[in-house]
Amino acid sequence: MNTFDPANNIQDLQYFGEFGGVNPSISDSSTYTFLSAKTMFDTFEGNTDGCYLYSRHSSPSNLYLGEALAQMEATEAANVTASGMGAITSVLMQLCKSNDHIVSSRTIYGGTYAFMKNFLPDYNINTSFVDITKLDLLEAAITQNTKVLYCESVSNPLLEVADIAALSQIAKKHNLKLVVDNTFSPLCISPKELGADVVIHSLTKFINGSSDTVGGVICGTQDFINDLKNVNTGACMLLGPTMDSLRAANILKNLRTLHIRMKQHSHNALYLAEMFEKDGLVVKYPGLKSHKDHQLYKSMMREEYGYGGLLTLDVGTTQKANEVMEMMQYENLGYLAVSLGFYKTLFSASGSSTSSEIPEEERKSMRLSDGLIRFSIGLDNDIKRTYEKMRACLVSTQILR
Ligand SMILES: *Cc1c(COP(=O)(O)O)cnc(C)c1O
């Protein structure tokens, strides 16, 4: 495993701007001229490489960012989208038609869950939600109509880790596409290398890292990316989740520092998780030996990027969670906000926010407690100081005595 270095791959892409600039020029156009009418016809037919037609199909800035992200995931190609949900919904609509079936992990992002549970059934596409750590149950859920096996490499919010290589074997055996949302673990885990067919990211999170835009990407084979962009039948072309060129240019610049940021997020999260665990708190972090998937994550990870920036703390009740989160925000330790991957720590109670789409009884069965706080740990320079201040908040709210 780990046959390539994603950060080197990104670094080795060299672009020049129009006037020799060190950043590629931003394509500030929705449409493109042709010197000859014949070339326009050929471009519509998909027969001319390097010609741009209309920016919903592709634009130079979006292609640069897509190329860099394909390099990061070591896939043949990639297509950027206006949001992570724009990527997820396009992939599922492209791969599944009426009467098709999806087998998905039950611990997934709330929006993805809601799309599969509430939206797709109207198009006669149904989903079985399973505990993907039980491979026999998962395999039993596959039917003749199943087309897609769906999971997150590290799942939201419980930080369950998917055994991507094992899932890939099952997908191959049943001729399914394995689609992996790798939003929580960019650089740390490379799903394609472990056998995933399609890798998705919400760029909104770690990859952009500055909580100033939403964005998404689909990484896969050149054929699949071409299918998505097909002017007659492609979900990205026809549903129109197109990223704006200015945003693509910004995200590409932020991507250049992702390797440094991931190391710091992981370093800080591991420190806090270890300290909270010593304090006797109910903390979950894949980097802790006590985490049930610690060994699995370790077997898939790139050591230098660590176990990621997300950890959870179960403080028992919604009321305690709210109290301590308000206090931590007051003390400027982070923001009480959804989302993740920001330079500053973000925290939210998952049960009443990002996972509220999941019905209460299902939240119970997956042990998503009301007192569960999800932390996205920031890039704090002095994490020991942060820990001491957080500890003080936990003591004054009597979560810690
Ligand atoms: C945020 C998130 C999404 C959705 O991405 P948007 O950019 O908000 O549309 C999908 N999957 C995961 C794991 C996420 O954290």
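Going by an unreviewed UniProt entry, the protein chain carries the name Methionine-gamma-lyase and comes from Soonwooa buanensis. Listed in UniProt under the heading Cofactor (unreviewed entry), the comment for the protein chain reads: "pyridoxal 5'-phosphate". Under the heading Sequence similarities (unreviewed entry), UniProt records this for the protein chain: "Belongs to the trans-sulfuration enzymes family."

**Considering the site of the ligand**
Every one of the 14 residues lining the ligand counts as a neighbour, but M85, D181, S202, T204 and K205 are closest to it. M85 has a polar backbone atom sitting 2.8 Å from an oxygen atom of the ligand. Within the side chain of T204, an N or O atom sits 2.6 Å from an oxygen atom of the ligand. Considered on its own, the ligand offers 380 Å² of accessible surface; in the complex 93% of this is hidden by protein. The element that contributes the greatest number of residues to the shell around the ligand is helix α4 (residues 84-95), accounting for 3 residues.

**Let's talk about the pattern of salt bridges**
Side chains that differ in sign of charge can pair as their charged atoms come close. As enumerated under the stated definition, the model contains 9 salt bridges in all. One salt bridge in this structure joins K134 and D131, with 3.1 Å as the shortest N-O distance. By relative accessible area, D131 is classed as buried at 13%. For E193, the salt bridge identified is with R302, shortest N-O distance 3.6 Å. Separated by 109 residues along the polypeptide, E193 in the loop between β5 (177-181) and β6 (198-202) and R302 in the loop between α12 (294-300) and β9 (310-314) bring together distant segments of the chain. Neither E193 nor R302 differs from the other in exposure class; each is buried. Linked through salt bridges whose partners overlap, the residues forming this network are R106, D131 and K134.

**Some thoughts on the side chain of Q94**
You can see Q94 is positioned in helix α4. Reaching out from Q94, the side chain makes a polar contact with the backbone nitrogen of A235 at a distance of 2.6 Å. Non-local contacts of Q94, meaning those with residues more than four positions away in its chain, are made with F224, D227, L228, T233, G234 and A235.

**Quick notes on the UniProt feature "modified residue: N6-(pyridoxal phosphate)lysine" (unreviewed entry) in the protein chain**
As annotated by UniProt and renumbered to match this structure, "modified residue: N6-(pyridoxal phosphate)lysine" (unreviewed entry) occupies K205. Within the secondary structure, K205 sits in the loop between β6 and β7 (216-220). Of the residues examined, K205 reaches a relative accessible area of 11% and is grouped as buried. Those residues in contact with K205 that sit more than four places away from it in its chain are T183, S339, L340 and G341.

**Structural notes on the sheet that holds strand β12 (residues 372-376)**
The strands that make up a sheet pair up through hydrogen bonds in the backbone, lying either parallel or antiparallel. Taking strand neighbours across the sheet as the criterion, the 5 strands line up as β8-β9-β12-β11-β10 in an open arrangement whose pairing is mixed. For this open sheet the edge positions go to β8 (282-284) and β10 (335-336), each flanked by a neighbour on one side alone. One ladder, built from 3 bridges, connects β8 with β9; its direction is antiparallel. In the strand pairing of β9, V282 is matched with D314. Most of the contacts of helix α11 (residues 258-278) go to β9, to which it runs at about 20°, and overall it touches β8 and β9.

**Some remarks on the pairing of β5**
Summarising burial for β5: 4 of the 5 residues are buried, a large majority. Relative to β5, strand β4 (residues 146-152) is paired through 5 bridges, and the arrangement is parallel. Residue pairing for β5: Y150 is matched across the bridge by V179. The handedness of the β4 to β5 crossover, carried by helix α7 (residues 164-173), is right-handed.

**Some remarks on the nonpolar core**
The biggest cluster of nonpolar side chains holds 84 residues, and the ones touching the most others in it are L65, L255, F276 and L311. No other element matches the 6 residues that α11 contributes to this core. Leaving out residues up to four positions away in the same chain, L311 has contacts with L159, A269, L272, A273, F276, V283, K284, Y285, I373, R374, F375 and I377. A77, L120, F224 and I225 belong to the second largest nonpolar core, which has 25 residues in total.

What counts as what
Residues numbered from 1 in each chain as written. Predicted model: local features only at pLDDT ≥ 70, side-chain atom pairs only at ≥ 80, totals over all residues. Heavy atoms only, no water. UniProt positions renumbered as here; feature names shortened; annotations may be inferred. Near = heavy atom within 4 Å. Polar contact = N/O pair within 3.5 Å; in protein donor to acceptor, adjacent residues only side chain to side chain. Areas by Shrake-Rupley, 256 points an atom, 1.4 Å probe, with all protein chains shown as cover. Helix = DSSP H or I, 4+ residues; strand = E, 2+ residues; numbered from the N terminus. Salt bridge = Lys/Arg side-chain N within 4 Å of Asp/Glu carboxyl O. Buried < 20%, exposed > 50% of the residue type's maximum accessible area, 1.4 Å probe, protein only. Contact = heavy atoms within 4.5 Å. Pairing = 2+ DSSP bridges. Axes fitted to C-alpha atoms, helices over the stretch in contact; angles between N-to-C directions. Right-handed = clockwise from strand over helix to strand, strands pointing away. Core = buried A, V, L, I, M, F, W, Y, C linked by side-chain atoms within 4.5 Å.

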